[in-house]
Structure formats: C-alpha cells, structure tokens
Amino acid sequence: MFYYPGLINRYKEYLPVTENTPFISLGEGNTPLVLSTTIGPSIGCEKLFFKLEGCNPTGSFKDRGMVMAVARALEQKKTRIVCASTGNTSASASAYGARYGLKSLVLVPAGEIALGKLLQAMAYGARILAVDGSFDDAFATVRSLVEIMDMELVNSVNPYRIEGQKTAAFEIVDTLGEAPDFICIPVGNAGNITSYWDGFKTYYEHGKSVNLPRMMGFQAAGAAPIVNGEKVDDPETIASAIKIGNPASWGKALKARDESNGLIDVVTDDQIINAYLRLSREEGIFCEPASAAAVAGFLRLPDLGVDLSDKTVVCILTGNGLKDPDVSEKQATVEIEIVDHDVESVLKLLQNH
Ligand code: F0G
C-alpha cells in the first residue's frame, strides 16, 4: 500500500527541519496538475496546466505553509497561534491548531470573508474576532499583538510558511520533469509568488531542473497596490481572498518578478468572473474567484505581448470554489426546476428542451 506521508516528510531535504521537528500532516500537498482542454487551446497554448490547490485538506494552498509553521510552533513548545486573514489562512491555521492541540486565534475583516472559510474556522473551533476594518487593519493589529502576547504568528511573514509553500514548485517540476515557461498566480499578500519563486530557485540550485519559469502575478484591478506602486486604502474586488491594499511581501514579490523576468499586472472583476465561469463550465474545475484571477491573467498574456506557442504554462488555482458560495450563487444562470417525483412529470418537463 502506498501511504503519502505529507509534505514535510516528502520534501524534508529541502525544508528547514531539525531533529526536533515533528513530521505532522493532514495530507497536504501532492495536488493534481490537470491539462487544460479548452482555455489554453482557445489562445493557442496546448500546454496549459492547472495546479489544483483546492484539493488540499482545507481547500487551499495555505496548508502547505501552515503545516511547516505549526510544526515549528510545536517544536518551540508554543501553545497558541494567531493570524489575520481574508479567510483561507484562518481556515488552515484553525485546522492544524485543532489537530495538534494549539489554541487558534483568527482576526478577520468583519463581513468581508467568504462564508465557507468562516464556517471552517468555526467548525475547527478557533476563536474568531471580526474586526471593524480591512484585512490590512487586522494584520497590523495581529503584528502588534504578538509583540505583547506569546503567540506564534502564522501569516506568511512567518518564514516557515514561505518555506512550506515552496513545495508546490517542487511538485510541478517533479511532475513535468522540468520547470514550466510561465507560472500565472494571483497576488494578495504576496507570500505565494515569493514561495514559488524561491521553490523553483531551490530546485534549480540542486540540479533538479535546468530552467526557471517567468513569474506572472495578477492582482485585482481594485486591489492592485504593487501594480500601481502605492498602497490602496480601500481595496475593492469580488475576489475577497486578494482584497489587500498593503501586501506584507511586497518587496519580495517585486524581486520574484524582476529576477524571473516576469510581470505583475491587473485583471478586472469582469475578467475574473469570465475565467471563473469558463473554468467551471468548460473545464469542470470549480475554484474560488481569487484563483480565477490567475486564469484571467493567463488570457491576457497575448495582449501583454507574450508569445505562448510551444510554451508550458501553469496556472495556480489557489482555492476551492465551494469556499465562496455567495459569488457562485450570484453568477449561476442555472435555475433549479421544481417537479413532482413521478417519471411522467419529469418526462413532461424534459419535452420542453
Ligand atoms: N488565492 C487565495 C485563494 C488566497 O486565499 C490568497 C491569500 C491568495 C490567492 C493570495 O496569496 O496572499 O500569498 O499573495 N489569502 C490570504 C488569507 C491573504 O488570509 O487567506 P498571497
């Protein structure tokens, strides 16, 4: 029987583990890389892949970094973890906290996080503080709090988070046998683009790949501080996960962009929704709006002067569509039809089609 031991065990030689690091796991990582059937070919790219990070245990890529950060917290004998979150980090922190006996405290912007994510934090038994302000406000508060209270901060400013998230880049190279030409990735607090770039560099330095990808990051047009070159006080986008006006890893994202000869650009909410709907209806992949920003960005690449012929591209689909039922319901064009339960009634209804 093949038993997948989890990320820390699988990639221990590339991660900051010591003899005291517990090899904890909820089965994170090892996510599918799925070939696009329509979206890639529609703009002449036959080798577009989707990395389905929504298949992680709490439905987002955050579990990769969280398992490492929580292992570190346990190693340090911490008893409490804390984060600010647009939702996914809080879901992940709460899950690992519950499993490994840590008290989890999460601060979220009141009324701003997707229902599924909030329900996850509630289900896992975290203490949840909804703050009257933005994610950036909640994050600033958490940073002050850890100066005063003995709690492990598990946002992506925690270097162990970044280390754990690098494993997604390792998996892509392990699966494709080389690094792709391009990575398309949504950018919020900018930890993930930082991690991927670090991960590809690590593998390159160890001779596991002979090439490096260009990092193509995308922010929502109403929450695009990196693209605009200034903080956004009141960020606005349907993609609540990346509704961030002052990213913590801003400088590192610029470094990833510049070192990789990549770009960070914007996608509008309409472009995000178009990609979101195409993913579910044409490709059978239901991701959350922030993830669709990667695909919206991919679809812009020809307009941005990028030649995709013979190129391999991986879009990082960071979170599962079930997390945000409100957006999904609003975008639905399918109506649920009420019918009596006998076959005649069903047949009668189907005759109209
Ligand atoms: N996609 C999803 C689904 C996310 O939840 C996030 C970030 C991102 C993309 C952007 O990644 O911040 O590393 O640039 N979510 C954080 C949270 C902020 O609190 O869950 P990033």
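The model shown is predicted, which means the values in this text are computed figures rather than measured ones.

**Student:** Sorry if this is basic, but what is going on with the nonpolar core here?
**Tutor:** Grouped burial of nonpolar side chains is what soluble globular proteins tend to show. Of all hydrophobic cores here, the largest spans 48 residues; its most connected members are Ile172, Ile183, Ile193, Tyr196 and Phe200. No other element matches the 7 residues that helix α3 (residues 62-75) contributes to this core. A domain split of this core shows at least three residues from each of domain 1 (7-60 + 161-331) and domain 2 (62-158). Contacts of Ile193, omitting those with residues within four sequence positions, involve Ile185, Val187, Met215, Gly217, Ala253, Ala256 and Ile264.

**Student:** Please explain empty space enclosed by the protein as it appears in this structure.
**Tutor:** The probe, sized like a water molecule, is rolled over the atoms to show the empty space still left. Counted by the stated rule, this structure contains 1 cavity of 30 Å³ or more. Estimates place the volume of the largest cavity at around 310 Å³. In terms of lining residues, the largest cavity is bounded by 25 residues, among which Phe61, Lys62, Gly188, Asn189 and Ala241 are the most central. Take the lining of the largest cavity: its biggest share by element is 3 residues, from helix α9 (residues 191-205). Residue composition of the lining of the largest cavity, by class: 11 nonpolar, 12 polar and 2 charged. Of the domains in this structure, domain 1 (7-60 + 161-331) and domain 2 (62-158) are the two that each give at least three residues to the lining of the largest cavity.

**Student:** Help me out: how do you make sense of the packing of helix α4 (residues 88-99) against helix α5 (residues 115-123) in this one?
**Tutor:** Relative placement of two packed helices is described by the angle separating their axes and the distance separating the axes. As a packed pair, α4 and α5 sit with axes 8 Å apart at the nearest point and diverge in direction by 20°. As the angle between them shows, α4 and α5 are arranged roughly parallel. Classified by chirality, the crossing of α5 by α4 is left-handed. Residues Asn88, Ser90, Ala91 and Ser94 of α4 form the contact with α5, whose own contacting residues are Lys117, Gln120 and Ala121. Of the residues in the contact of α4 with α5, the class split is 2 nonpolar, 4 polar and 1 charged.

**Student:** Explain the side chain of Arg161 here, please?
**Tutor:** With respect to the secondary-structure elements, Arg161 resides in helix α7 (residues 159-165). Despite its burial, Arg161 pairs with no opposite charge, the nearest such side chain being Asp63 at 8.7 Å. A polar contact of 2.7 Å, which involves the side chain of Arg161, links it to the backbone oxygen of Val154. At 2.9 Å, the side chain of Arg161 forms a polar contact with the side chain of Gln165.

**Student:** When you look at the packing of aromatic side chains in this model, what are you seeing that I'm missing?
**Tutor:** Two descriptors summarise a pair of aromatic rings, namely the distance from one centre to the other and the angle between the planes of the rings. Within this structure, the stated rule accounts for 7 aromatic pairs. With centroids separated by 5.7 Å and ring planes inclined at 10°, the aromatic side chains of Phe135 and Phe139 adopt a geometry described as stacked. Of this pair, Phe135 and Phe139 both sit in helix α6 (residues 135-148), separated by 4 residues, roughly a single helical turn. You'll find Phe135 and Phe139 in the same group, each marked buried.

**Student:** What should I look at first to understand the site of the ligand in this one?
**Tutor:** In the vicinity of the ligand there are 20 residues, among which Ser85, Asn88, Asn189, Ala190 and Thr318 approach most closely. Between the ligand and Gly188, the relevant distance is 2.8 Å, taken from an oxygen atom to a main-chain nitrogen or oxygen of the residue. More than half of the atoms belonging to the ligand lie within 2 Å of the grid points that define the largest cavity. When residues of the shell around the ligand are traced back to their parent elements, those giving at least two are α4 and α9. The residue inventory of the shell around the ligand, partitioned by class, reads 8 nonpolar, 10 polar and 2 charged. Three or more residues apiece are contributed to the shell around the ligand by two domains, here domain 1 (7-60 + 161-331) and domain 2 (62-158).

Parameters and conventions
- Residues numbered from 1 in each chain as written.
- Predicted model: local features only at pLDDT ≥ 70, side-chain atom pairs only at ≥ 80, totals over all residues.
- Heavy atoms only, no water.
- Core = buried A, V, L, I, M, F, W, Y, C linked by side-chain atoms within 4.5 Å.
- Buried < 20%, exposed > 50% of the residue type's maximum accessible area, 1.4 Å probe, protein only.
- Helix = DSSP H or I, 4+ residues; strand = E, 2+ residues; numbered from the N terminus.
- Domains from an automatic or database assignment.
- Contact = heavy atoms within 4.5 Å.
- 1 Å grid on protein atoms, 1.4 Å probe; cavity = no way out; pocket = protein on both sides within 12 Å on 5 of 7 lines; lining within 4 Å.
- Points joined across faces, edges and corners; volume = space filled by probe spheres on them.
- Nonpolar A, V, L, I, M, F, W, Y, C, P; charged D, E, K, R; others polar.
- Axes fitted to C-alpha atoms, helices over the stretch in contact; angles between N-to-C directions.
- Parallel < 35°, antiparallel > 145°, perpendicular 65-115°, else oblique.
- Left-handed = near helix turned anticlockwise from the far one by under 90°.
- Lys, Arg positive; Asp, Glu negative; His and termini not counted.
- Salt bridge = Lys/Arg side-chain N within 4 Å of Asp/Glu carboxyl O.
- Polar contact = N/O pair within 3.5 Å; in protein donor to acceptor, adjacent residues only side chain to side chain.
- Phe/Tyr/Trp six-rings, centres within 6.5 Å; stacked < 30°, edge-to-face > 60°.
- Near = heavy atom within 4 Å.
- Sits in = over half its atoms within 2 Å of the grid points.

Shape descriptors only; they carry no functional weight alone.
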